Amino acid sequence: MKDQETIINSKGKILRFLLLLGFLLISMSMLPAQRAEAASTKSSALKAYKVFLKNAQKSDGKGKKFALAYVNNDTIPELYYNGCLYTYKKGSVIALSEDALYDENFQIDTYYKKTGVAVLSYSYGPVDVYFYYKLTGGQLKLIMTYEIEYTLDSGGNVTGVTYSYYTDSKSLTKAAFDKKLKNLVGSKKAKTFTSSSYKNTSANRNKYLK
């Protein structure tokens, strides 16, 4: 009886091994196709960015700058251009930070590479506001905000600074804000889009959009 149970258990182990082996072989066979599809999508995105920037040059001239940035954790880079962030989605170049399109006080400034987190700033009077967004599904979702308000004397000199932190319109302490940011980005440091940006010329588009 025990020998029979041993045989059954052995057969069960062999069957589980064969099933696992089959699953691994199927998964491995799919990898080249997935990589080829990702490479094709990236190539399509870069071509679309070139067309977009070429058209932008006609209206804006060559003085504006662009950059590629891997904001979220996929193989397709986002496009930074003139303070605004764009992505490639369903065959089109889509503006992610539309506020920056219509108001020069809004600027998409920094991002945390491959975390999905990008920061948009806005300045009005003595107040600077920083909006922390998470890029998911081709859209920016507001996660949290912090404000810096400067107190000025009659001569316009700064006499004091107040910091405020928020998430979902609720106040946060600085410690809670820092903890939430760490949960989002880990040990990644903020990178500026402009640190690796180039003038929007035909030569630069051909050199860097590849």
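Definitions and cut-offs
- Residues numbered from 1 in each chain as written.
- Predicted model: local features only at pLDDT ≥ 70, side-chain atom pairs only at ≥ 80, totals over all residues.
- Heavy atoms only, no water.
- Helix = DSSP H or I, 4+ residues; strand = E, 2+ residues; numbered from the N terminus.
- Expected span 1.5 Å × (residues − 1).
- Buried < 20%, exposed > 50% of the residue type's maximum accessible area, 1.4 Å probe, protein only.
- Arc of directions from axis to C-beta.
- Contact = heavy atoms within 4.5 Å.
- Pairing = 2+ DSSP bridges.
- Axes fitted to C-alpha atoms, helices over the stretch in contact; angles between N-to-C directions.
- Core = buried A, V, L, I, M, F, W, Y, C linked by side-chain atoms within 4.5 Å.

For the rest of this paragraph, the subject is helix α3 (residues 174–185). Between the first and last C-alpha of α3 there are 16 Å, a value that for 12 residues agrees with the 16 Å anticipated at 1.5 Å per step. Restricting attention to buried positions, one finds in α3 the residues Phe177, Leu181 and Val185. Seen from one end, α3 has its buried residues packed into an arc of 50°, which puts them on one side. Exposed residues pointing more than 90 degrees away from the buried face of α3 are listed as Ala175, Lys179, Lys182 and Asn183. Contacts made by the buried residues of α3 are with β5 (106–112), β6 (117–124), β7 (127–136), β8 (139–152), β9 (158–167) and β10 (170–172). One or two steps after α3, the chain reaches Gly186, where phi turns positive at roughly 65°.

By the secondary structure assignment, Gly125 is in the loop between β6 and β7. A residue is classified by how much of its surface remains accessible, and Gly125, at 74% relative accessible area, is exposed. Along the chain, Gly125 and Glu149 lie 24 residues apart, while their C-alpha atoms are 9.0 Å from each other.

Further remarks concern the sheet that holds β9. Spatial ordering of the open sheet is given by β10-β9-β8-β7-β6-β5-β11, a layout of 7 strands whose pairing is antiparallel. Taken across any chain shown, the strands that pair with only one partner, and hence form the sheet edges, are β10 and β11 (191–192). Relative to β11, β5 runs antiparallel, the two being bridged by 2 bridges. Residue Tyr111 lies in a different strand from β11, and its bridge partner there is Lys191. Against the sheet, α3 engages β5, β6, β7, β8, β9 and β10, with an angle of about 145° to β8.

Counting 19 residues, the largest nonpolar core has Val71, Leu85, Ile108, Phe131 and Phe193 as the members making the most contacts within it. Breaking this core down by element, the ones donating at least two residues are β1 (65–69), β5, β6 and β7. Beyond its immediate sequence surroundings of up to four residues, Phe131 is in contact with Phe106, Ala118, Val119, Leu120, Tyr122, Leu142, Met144 and Thr145. Formed by 15 residues, the second largest nonpolar core is a distinct cluster that contains Leu46, Leu53, Ala56 and Ile76.

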